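# Coordinate analysis (summary)
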Amino acid sequence: MSIAKNLGSVRRHIERSAERVDRNPNDIELVAVSKLHPPEAIREAYEAGQRHFGENYVQELVAKQAALTDLEEIRWHFIGHLQRNKVRQIVGQTALIETVDSVRLLAEVEKRASAAGVTVDVLLQINIGDEPSKSGCTGETLAELLESSRQSPSVRATGLMVIPPFELDADETRPYFRALRELRDLHGGALSLPELSMGMSHDFEVAIEEGATLVRVGTAIFGPRQ
Ligand SMILES: *Cc1c(COP(=O)(O)O)cnc(C)c1O
């Protein structure tokens, strides 16, 4: 299967899932997760109309940006675990940092954004299953994180992001997606936090049914990672 064909298929599935729950498919942004795939794969997807790409590693992101400067409309999402000492390298270079999960990290983004004279859009990452192995703040610490984002003039928190515990059966993931939406509703709802980034290759359809506005899809577009 070609990347263009895979993209077409994913987009059709997005449309159908949205229609099942009376949502407008245009309200859902497909983020093509290109980690560990070469720049040529990104170029192929871009030529098939894809604009938003997700990367997990700062060094890899920076290298790919350098290799693809001619793709003027490309929008990069940082979706990996972000170390504070790497924030400087991506501030101003990404459309969205999806993985802000602590007050300390947020403070670093604010500091670097302010120094660079830019405003940075971020999502707050939630560890919905309270899994010790995963990053993300808990539901309880979200209030604190939101408060410090409000006091950070160069950071705009536009929503929440989750990587739920892996379930083979996509439908088992539904309660986690629903919990993220409910958490958002507890904290001002879609007016204050419009974006919900949830759903990957095997469960993005369920995520859309539960309100996802960003789905992060890798394998279903680019095939397995090496
Ligand atoms: C790798 C990754 C994805 C994509 O996963 P697939 O199963 O390949 O679709 C999505 N989100 C995050 C945070 C990832 O690290």
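Up top is the structure these notes are about.
Residues numbered from 1 in each chain as written. Predicted model: local features only at pLDDT ≥ 70, side-chain atom pairs only at ≥ 80, totals over all residues. Heavy atoms only, no water.

## Let's talk about the overall build of the protein chain
Regarding its fold elements, the protein chain presents ten helices and eight strands. For 226 residues, the compact-globule estimate of 2.2 N^0.38 gives 17 Å, and the C-alpha radius of gyration of the protein chain, at 17 Å, lies within 12% of that figure. Once the C-alpha set of the protein chain is aligned to its principal axes, its extents read approximately 45 × 40 × 30 Å. Across the 226 residues of the protein chain, 50% fall into the buried class. Long-range contacts, defined as pairs at least 24 residues apart, comprise 60% of the intrachain contacts of the protein chain with a sequence gap of at least 6. Carbon and sulfur atoms make up 47% of the accessible area of the protein chain, which totals about 10,800 Å². Looking at the protein chain, you have 26 positive and 34 negative side-chain charges, and the mean spots of the two groups are 4 Å apart. (Helix = DSSP H or I, 4+ residues; strand = E, 2+ residues; numbered from the N terminus. Rg over C-alpha atoms; globule rule 2.2 N^0.38 Å. Buried < 20%, exposed > 50% of the residue type's maximum accessible area, 1.4 Å probe, protein only. Contact = heavy atoms within 4.5 Å. Areas by Shrake-Rupley, 256 points an atom, 1.4 Å probe, with all protein chains shown as cover. Lys, Arg positive; Asp, Glu negative; His and termini not counted. Charge placed at Lys NZ, Arg CZ, Asp CG, Glu CD.)

## Side note on helix 2 (residues 39-47)
Burial in helix 2 covers these residues: Ala41, Ile42, Ala45 and Tyr46. Around the axis of helix 2, the buried residues are gathered within 140° of arc, so they sit on the same side. In this structure, helix 2 carries Glu40 and Glu47 as exposed residues pointing more than 90 degrees from its buried face. Packing partners of the buried residues in helix 2 comprise helix 1 (3-20), strand 2 (52-55), helix 3 (58-67), strand 3 (75-78) and helix 10 (219-222). A positive backbone phi angle near 100° is found at Gly49, which sits one or two residues after helix 2. (Arc of directions from axis to C-beta.)

## Some words on helix 5 (residues 103-116)
End to end, helix 5 covers 20 Å across 14 residues, agreeing with the expected 20 Å (1.5 Å per residue, within 8%). Elements that come into contact with the buried residues of helix 5 comprise helix 4 (87-90), strand 4 (96-100), strand 5 (120-126), helix 6 (139-150) and strand 6 (155-162). With its phi angle positive at about 70°, Gly117 sits one or two positions after the end of helix 5. (Expected span 1.5 Å × (residues − 1).)

## Notes on the site of the ligand
Lys35, Asn56, Ser201, Gly218 and Thr219 are the nearest of the 13 residues found near the ligand. In the environment of the ligand, an oxygen atom lies 2.7 Å from a nitrogen or oxygen atom belonging to the side chain of Asn56. Here an oxygen atom of the ligand sits 2.5 Å away from a polar atom, N or O, in the side chain of Ser201. Surface burial for the ligand is 90%, taken as the share of its 390 Å² of free accessible area covered by protein chains. Considered class by class, the residues forming the shell around the ligand number six nonpolar, four polar and three charged. (Near = heavy atom within 4 Å. Polar contact = N/O pair within 3.5 Å; in protein donor to acceptor, adjacent residues only side chain to side chain. Nonpolar A, V, L, I, M, F, W, Y, C, P; charged D, E, K, R; others polar.)

## Overview of the nonpolar core
Across soluble globular proteins, you tend to see nonpolar side chains buried next to one another. The biggest cluster of nonpolar side chains holds 58 residues, and the ones touching the most others in it are Phe53, Val122, Leu124, Val215 and Ile221. For this core, the leading source of residues is helix 1, giving five residues. Once residues lying within four places of it in the same chain are set aside, the contact partners of Leu124 are Val100, Leu106, Leu142, Leu145, Leu146, Ala157, Gly159, Leu160 and Met161. Counting five residues, the second-largest nonpolar core is a separate cluster that includes Val31, Leu96, Met161 and Leu214. (Core = buried A, V, L, I, M, F, W, Y, C linked by side-chain atoms within 4.5 Å.)

Keep in mind that these numbers describe shape and distance, not what the molecule does.
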